Amino acid sequence: MSTLSEAYADSPLHLQHIIPMDFESVQTVPDSHSWPQITDFPPAVRSDEELTIPIIDLTAPHVVELVGDACRTWGMFQVTGHGVPSILLEDVESEARRLFELPARQKIKALRSPGGATGYGAARIAPFFSKNMWHEGFTIMGSSVDHARELWPHDYKRFCDAMDDYQKKMKVLSYKLWLLILKSLDITEEQVNWSSSDGALQLNSYPCCPDPNRAIGLAPHTDTLLLTILHQSNSNGLQIFRDGVGWVSVSPLSGALVVNAGDLLHIVSNGRFSTAYHRVMANQACHRVSIAYFYGPPAESLMVPVCETQFPLYRSLTVKEYISIKAKHLEKALLLIRI
Ligand SMILES: O=C(O)CCC(=O)C(=O)O
Ligand SMILES: [Fe+2]
C-alpha cells in the first residue's frame, strides 16, 4: 500500500536541512537565522472585513454557503462548533510543549531520517531558503510510538495516547469539512476518485526570539494537501496573504480551530478555491506552539479538476506525483502542472 509517508521518500534531504538549531544555546539571532528586513506590512486603512478571516459556526444554518464563500475569498477561516473537546486541545498542546521543552540532545534522538516523513526536525520547506527559520517541528503519521519511545523510554504513553486521540478527532472533523466543501462546489463524492483519506499531524514550535524583526517563524508557503486544521495556542504569529491587501494577522480565538485550503483543493476545485499563502512571524514574548493536521486522499489517488462550466486549468495527477513536484519546486509546483 502506498502511503503519504512513502511519497516523501523520493525526495531525501540533507541533515543540514533537518537538524534545527539548539535555540536554548543562543542569546542573539545568528547570521544563519537573520532574514532581510521584513517591510511588507498591510496598509493601515482597511475595513474589518478585509483584515479578519471569517469565523464560521459549524452548527449554523447556512454553513455550506459560508464555507464556500470563505474558501473562495480567503482560502482560510476559523471554525467554532467543531465538536473537538477543549480538554483534548489543551492536552495535545501540553504534550507538544513537553516535547519541545526537552534538551536539544534529547530531541535529536527522534530526528527525522533524510528520506523519512516523521519525527523531529526543521520545516520541510527549509531547503528552499538560504536562511533558517525560528522553528522546530515534529511530524506524526499514525502511531507516534517509535519516535516517542526514543524521547521518553519509560514515559511515552501519555504523549502517544493524546496524539492518537487527536488524530482520530481530526479525521472525523476533516471529513465533515470535506463534505461541506464538496457541497459548496456542487461536486458529489462519486465525482472524486477516492473514498478513504490519509493525514499527518505536525507539531510546530516557535521558541522566544531575541530579535523577532530579524527572524521568521515559518517562511511564506501554501500547504500541499486538501485542507489543514490548525490549533494555534493563544499567541499571535500566523498571517495570511490577501491579494490587494497584504499580510493579514490571524488572531487566535479561544476554542476555535483555523481551517485552510491547500494546493490539492485548489486543483480539484479547478481554481475556484484559493490555496492559502501564509507565514508565521517570530515573537519575543512567548514560546508559541501550534498543531496542524494535514488532510488528503491516499497517495495513489488521481486528482482531477472538477468543474462543469470551465476547461480544466490543471492536468490530472496523483497525490504522490504532486508531492514529488512540490518537494522539488515548492511555489512553482502549481504553475508547472497548469495546462
Ligand atoms: O503555526 C502556525 O500557525 C502555522 C503552521 C503551518 O503553517 C504549517 O504547519 O504548515
Ligand atoms: Fe502551513
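Residues numbered from 1 in each chain as written. Chains lettered and ligands numbered in written order. Predicted model: local features only at pLDDT ≥ 70, side-chain atom pairs only at ≥ 80, totals over all residues. Heavy atoms only, no water.

The protein chain appears in an unreviewed UniProt entry as gibberellin 3beta-dioxygenase from Ilex paraguariensis. As stated in UniProt under Sequence similarities (unreviewed entry), the record for the protein chain gives "Belongs to the iron/ascorbate-dependent oxidoreductase family. GA3OX subfamily." (UniProt positions renumbered as here; feature names shortened; annotations may be inferred.)

Okay, the packing of aromatic side chains next. According to the stated counting rule, one finds eight aromatic pairs in the structure shown. Between W178 and W194, the ring centres sit 5.8 Å apart and the planes meet at 25°, which makes this aromatic pair stacked. Separated by 16 residues along the polypeptide, W178 in helix α7 (residues 157-185) and W194 in the loop between α7 and β5 (198-206) bring together distant segments of the chain. Exposure remark for W178: the relative accessible area of 3% places this residue in the buried category. R98 extends its terminal NZ or CZ atom over the ring of W152, reaching a point 4.4 Å from the ring centre. The side chain of R338 reaches across the aromatic face of Y314, ending 5.6 Å from its centre. (Phe/Tyr/Trp six-rings, centres within 6.5 Å; stacked < 30°, edge-to-face > 60°. Helix = DSSP H or I, 4+ residues; strand = E, 2+ residues; numbered from the N terminus. Buried < 20%, exposed > 50% of the residue type's maximum accessible area, 1.4 Å probe, protein only. Lys NZ or Arg CZ within 6 Å of the ring centre and 35° of its normal.)

Taken across its six residues, strand β7 (residues 227-232) has six buried, putting it largely inside the fold. The alternating pattern of β7 places L227, I229 and H231 and T228, L230 and Q232 on opposite faces, both of which are buried.

Moving on, we come to the UniProt feature "domain: Fe2OG dioxygenase" (unreviewed entry) in the protein chain. Summarizing the sequence annotation, UniProt attributes the feature "domain: Fe2OG dioxygenase" (unreviewed entry) to residues 196-297 in the numbering used throughout. Within residues 196-297, the helical portion is 6% and the strand portion 47%, while the C-alpha atoms at the span's ends are 7 Å from each other.

Pairing is antiparallel across the open sheet formed by four strands, whose spatial order is β6-β11-β8-β9. On the outer flanks of this sheet lie β6 (216-221) and β9 (246-249), each paired with one strand and no other. Each strand of the sheet is rotated relative to its neighbour by a mean of 30°, with strand direction disregarded. In this sheet, strand β11 (residues 278-281) lies alongside strand β8 (residues 238-242) in antiparallel orientation, the contact comprising three bridges. Note that in β11 the partner of Q239 across the bridge is R279. (Pairing = 2+ DSSP bridges. Axes fitted to C-alpha atoms, helices over the stretch in contact; angles between N-to-C directions.)

What follows concerns a nonpolar patch on the surface. There is a patch of nonpolar side chains on the surface, built from L15, I19 and I108 and spanning about 230 Å² of accessible area. Take I108: it is sitting in the loop between α5 (104-107) and β3 (119-121). (Patch = residues over 30% accessible without salt bridge, like charges linked within 9 Å, V, L, I, M, F, W, Y side chains within 5 Å. Areas by Shrake-Rupley, 256 points an atom, 1.4 Å probe, with all protein chains shown as cover. Salt bridge = Lys/Arg side-chain N within 4 Å of Asp/Glu carboxyl O.)

Let us look at the side chain of K107. Positionally, K107 belongs in helix α5. A residue is classified by how much of its surface remains accessible, and K107, at 7% relative accessible area, is buried. Setting aside anything within four residues of it in sequence, one finds K107 in contact with L99, F100, L102, Y120, E136 and L151. (Contact = heavy atoms within 4.5 Å.)

As a further point, take the coordination of the iron ion (ligand 2). Of the protein atoms, only H221 (NE2), D223 (OD) and H278 (NE2) coordinate the iron ion (ligand 2), at distances of 2.1 to 2.2 Å. All donors to the iron ion (ligand 2) come from one chain, and their sequence spacing reads H-x1-D-x54-H. Residue H221 is located in strand β6, and its partner H278 is located in strand β11; the two are separated by 57 residues in the primary sequence. You can call H221 buried: its relative accessible area is 10%. (Donors = N, O, S within 2.8 Å, 3.2 Å for Na, K, Ca; no water.)

Position of T275 relative to the elements: it lies in the loop between α8 (263-268) and β11. Classification of T275 by relative accessible area gives buried; the value is 16%. As for T275 and I229, which are separated by 46 residues in sequence, their C-alpha atoms are 14 Å apart. For T275, the residues in contact, after removing those within four places along its chain, are T222, D223, A261, G262, D263, H266 and L334.

In this section: the site of ligand 1. Taken together, the neighbourhood of ligand 1 is formed by 14 residues, with N204, Y206, H278, R288 and S290 sitting nearest. Take N204: an N or O atom from its side chain is 3.0 Å from an oxygen atom of ligand 1. For ligand 1, an oxygen atom lies 3.2 Å from a polar atom in the side chain of D223. When each cavity is represented as a set of grid points, ligand 1 is found to reside in the largest pocket. Elements supplying a minimum of two residues to the shell around ligand 1: β5, β6, β11 and β12 (288-296). Considering each element in turn, the shell around ligand 1 owes the most residues, four residues, to β12. Taken together, the residues of the shell around ligand 1 break down into seven nonpolar, five polar and two charged. (Near = heavy atom within 4 Å. Polar contact = N/O pair within 3.5 Å; in protein donor to acceptor, adjacent residues only side chain to side chain. 1 Å grid on protein atoms, 1.4 Å probe; cavity = no way out; pocket = protein on both sides within 12 Å on 5 of 7 lines; lining within 4 Å. Sits in = over half its atoms within 2 Å of the grid points. Nonpolar A, V, L, I, M, F, W, Y, C, P; charged D, E, K, R; others polar.)

Before going further, it helps to examine helix α9 (residues 319-329). All of the buried residues along α9 are V319, Y322, I323, S324, I325 and K326. As for α9, its buried residues are in contact with α1 (4-7), α8, β13 (302-303), β14 (317-318) and α10 (333-336). Just beyond α9, the residue with positive phi is L330, at close to 40°.

Axes are the key here: two packed helices are described by the angle between their axes and the distance separating the axes. Close contact between helix α4 (residues 86-100) and α7 brings their axes to 9 Å; oriented N to C, the two are set at 135°. Considering their axes alone, α4 and α7 lie oblique with respect to each other. At the point where α4 passes α7, the crossing takes the left-handed sense. Of the residues in α7, those touching α4 at L88, L89, D91, V92, E95, A96, R98 and L99 are R158, F159, A162, M163, D165, Y166 and K169. Of the residues belonging to the contact of α4 with α7, the class tally is nine nonpolar, no polar and six charged. (Parallel < 35°, antiparallel > 145°, perpendicular 65-115°, else oblique. Left-handed = near helix turned anticlockwise from the far one by under 90°.)

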